[in-house]
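Chain by chain, the residues run as shown.
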Amino acid sequence: MNAPLLIELRTEELPPKALNNLGESLAAGVVEGLEKAQLISGVADYQVFAAPRRLGVLVQNVKAVQADQQIVKKGPSVTAGMKDGEPTKALQGFARSNQVEISQLSQINDGKQMVFAYEYTQAGLPLNALLSDILNQSIKKLPIPKVMHWGSSTFTFVRPVHGLVMMHGNETVTGSVLGLNSQNWTLGHRFLSKDRIIFNHASDYEKVLLEQGKVVASFAERRARIEQGLTVAADALHAQVAYAEGLLDEVTALVEWPVVLQAGFDERFLQVPQECLILTMQQNQKYFPLLNSDGKLINRFLLVSNLQTENPIHIIHGNERVLRARLADAEFFYRQDQKTTLESRLPRLQNVVYHNKLGNVAERVQRITQLAKAIAPLLNADVEKAVRAAELAKADLLTDMVGEFPELQGIMGKYYALHDGENADVAVAIEQHYWPRFANDALPDNLTGTVVALADKLETLLGIWGIGLIPTGDKDPYALRRSALGILRMLMQHNLALMPLLQAAFDTFASGRLAENTVSEVAGFMQARLAILLQNSFAQDVVAAVLAGNVENLGELEARLAAVTRFKQLDEATALIAANKRVHNLLKKADISALSAVNPDLLQQQDEKQLYQATEQVAEKIQAVLKRQDFAQALTELAGIKEKVDAFFTNVMVMDENEAIKNNRLALLLCLSQQMNAVADIALLSE
């Protein structure tokens, strides 16, 4: 009989940030175990349940009994099993281990040779004989960093487990997991439900738990309810919700019966930078701040309660009271910080260790400032502003607000700089020098910010790499990969070359402080990160072809990539790619440094003369269009000599017996190769 299978583990409050992953992992493990045991009829169809005090899964079309299985146990080869017509010890041992006579064994071909085998039909086992083990194995595979013991039990789990439901259709599946016997009942909401909730059928779980237990068991359904409630409440105030990454999921994991409520705070707190208030509400209290149409914070916020009452005023006032104390702290820190200028804090950076091999933060600021001074002219940025922003960039690390909320570094620096009367560009650069903070984050939108951001990330990358703290596997404690991608994105945006900046960053460190090969190693690392970055938008072979050309100014990359992508679609592309590969192979065997310019007088055949003329003509055209960075036109010009290239390779023997003629033809191919690869190494393109 096929029927739905329900499994629920009822626990104490599970860690909210891990809840959804735990639910998905448990369900996937159970389904995998059922499939391996051949207990699911057809394609697996299942629903995941994950709430603060329970993990569960409902799997459709689960069999009550396994189908009978044909088992084949392979033994020794026929050659090894019989000797002089008598069974060897190996064959005797194989028969004995299976408790059968040798005459009951068969001979089969295992794909390589004939072997002895024991073939038999194994009766299918019932679900209740297999399910406990399947669930136990699934629990062992859960991503739990730290387990707990509870009571006198020797069992462990992420939180104490107090109940187990295993039902197949309308039957309770007997079994024991984590010291608990299976049952057909559970408990609902801690406050809104009191009695046991009994399930008459596995498929009743979600509906009955919702109606009787006041628990929305599905994480996705609960999340959708909260999101809808937030939207409705925000719309009523003509506002929009300020979501923080992961906050909605975390709140979803904290409540079983979500109720969205509106609350407020004293308008005076809006004088504090809104980033401070938003972070306090989101991070400390798990509230949802509200913004007006201009993106400005208003003094109303939304909270998600786990209780439904006729009059929630006490819940609202309680949360307002807690938030008032938090915002008062933020207000105090802000007022206190404003009493001391950023500049006056700079000497104290000498007391803050950056890294024991790289000195203190004051030394780091000196390096960033020196580097910013070198980068600013490359961007036509104001050198004085760039230097000033670099000098002040880390000063807010010593403020009370950043001490309480490290996430506000840079942001508070901007506000304090404006309060101190610093130039607006300098203040904005202090905030934006941390940008981009993560993948796809915004780049600095002013030149001063870009200069300091590049200086900061280059100093980090070269310094940390240079003392041997290289990223390995998934370990990158100093976020060098993120720094590398941020640098590359800025260089591409502003069409800057990488190598001079790496060298300039290296030169800001005292002699001998960094490993000598740091620049070359970081350049290789950056090249690899650049390939990964570009492969998000372009084909792998196109990226490889363009990067093989060692493009100096990264701002040209996207135009080159787009041009090569279009070139691949031309009818002439396949033949030219193949010809370029052939040219590569021929030139690899030659001493290119010994080749001189092509001598037209040594050209013997009409096809090589025509190719020479075509190469000379296309070279002029390609160089002209490359000056205006029209890479697509350069490749189009190249496509025009396809027939001359084909004729040359069809009718001309490059490796002529006459050394002078051979070298002249190789020189011609070298000239051709230079034009073919002026935009990218097209030999690396797939045909």
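These numbers come from a predicted model, not from an experiment. (Residues numbered from 1 in each chain as written. Predicted model: local features only at pLDDT ≥ 70, side-chain atom pairs only at ≥ 80, totals over all residues. Heavy atoms only, no water.)

Visitor: Before we go on, may I ask you to explain the environment of Pro 477 in this structure?
Guide: Assignment of secondary structure puts Pro 477 in the loop between α16 (447-466) and α17 (480-494). Residue class for Pro 477 comes out exposed when judged on its relative accessible area of 74%. (Helix = DSSP H or I, 4+ residues; strand = E, 2+ residues; numbered from the N terminus. Buried < 20%, exposed > 50% of the residue type's maximum accessible area, 1.4 Å probe, protein only.)

Visitor: Looking at this structure, how should I read the pairing of strand β2 (residues 46-51)?
Guide: Every other side chain in a regular strand lies on the same face of the sheet, so the side chains alternate between the two faces. The pairing of β2 with strand β3 (residues 54-63) spans 6 bridges and is classified as antiparallel. Within β3, the residue paired with Gln 47 across the bridge is Leu 58. Here β2 hands over to β3 after 2 residues, the two strands then running antiparallel side by side. (Pairing = 2+ DSSP bridges.)

Visitor: Quick question: what am I supposed to make of the side chain of Gln 282 here?
Guide: Within the secondary structure, Gln 282 sits in helix α8 (residues 274-284). Among the residues examined, Gln 282 registers a relative accessible area of 11% and is labelled buried. Non-local contacts of Gln 282, meaning those with residues more than four positions away in its chain, are made with Ala 242, Tyr 243, Ala 244, Leu 247, Tyr 287 and Pro 289. (Contact = heavy atoms within 4.5 Å.)

Visitor: When you look at the sheet that holds β2 in this model, what are you seeing that I'm missing?
Guide: Two strands in a sheet stick together by hydrogen bonds in their backbones, pointing the same way (parallel) or opposite ways (antiparallel). Sheet architecture is open: 5 strands sit in the order β2-β3-β1-β9-β10, paired in antiparallel fashion. Of all the strands in the sheet, the pair left with one neighbour each is β2 and β10 (171-172). Two strands pair when backbone bridges link them, and strand β1 (residues 2-11) and β3 are joined in this way by 8 bridges, in the antiparallel orientation. In the sheet register, Arg 10 faces β3, and the bridge partner there is Arg 54.

Visitor: Would you mind showing me how to read unusual backbone geometry here?
Guide: Peptide bonds are mostly trans, and most non-glycine residues show a negative phi. The amide bond that connects Trp 435 to the next residue, Pro 436, takes the cis arrangement and shows omega of -15°. Its location among the elements puts Pro 436 in the loop between α15 (424-432) and α16. In this model, Asp 84 sits at a positive phi of 55°, which is unusual for a non-glycine residue. The topology assignment puts Asp 84 in the loop between β5 (82-83) and β6 (86-87). For Asn 380, which is not a glycine, the phi torsion comes out positive at approximately 55°. The topology assignment puts Asn 380 in the loop between α11 (361-375) and α12 (383-392).

Visitor: Could you clarify how one ought to interpret the sheet that holds strand β7 (residues 106-109) in this entry?
Guide: Pairing within the open sheet is antiparallel, and its 3 strands lie in the order β4-β8-β7. Strands with a single pairing partner mark the edges of an open sheet, and in this sheet they are β4 (69-77) and β7. Taking the axes of each pair of neighbouring strands and ignoring which way they run, one obtains an average angle of 45° across the sheet. Sheet analysis places β4 next to strand β8 (residues 114-122), joined by 7 bridges and oriented antiparallel. Bridge pairing in β8 places Ser 77 opposite Val 115. (Axes fitted to C-alpha atoms, helices over the stretch in contact; angles between N-to-C directions.)

Visitor: Before we go on, may I ask you to explain the environment of Leu 22 in this structure?
Guide: Following the sequence through the fold, Leu 22 ends up in helix α1 (residues 19-36). You can call Leu 22 buried: its relative accessible area is 2%. Along the backbone, Leu 22 and Phe 49 are 27 residues apart, and their C-alpha atoms lie at a distance of 9.9 Å. Apart from the residues lying within four places of it in its own chain, the contact partners of Leu 22 are Leu 55, Leu 142, Pro 143, Ile 144 and Val 158.

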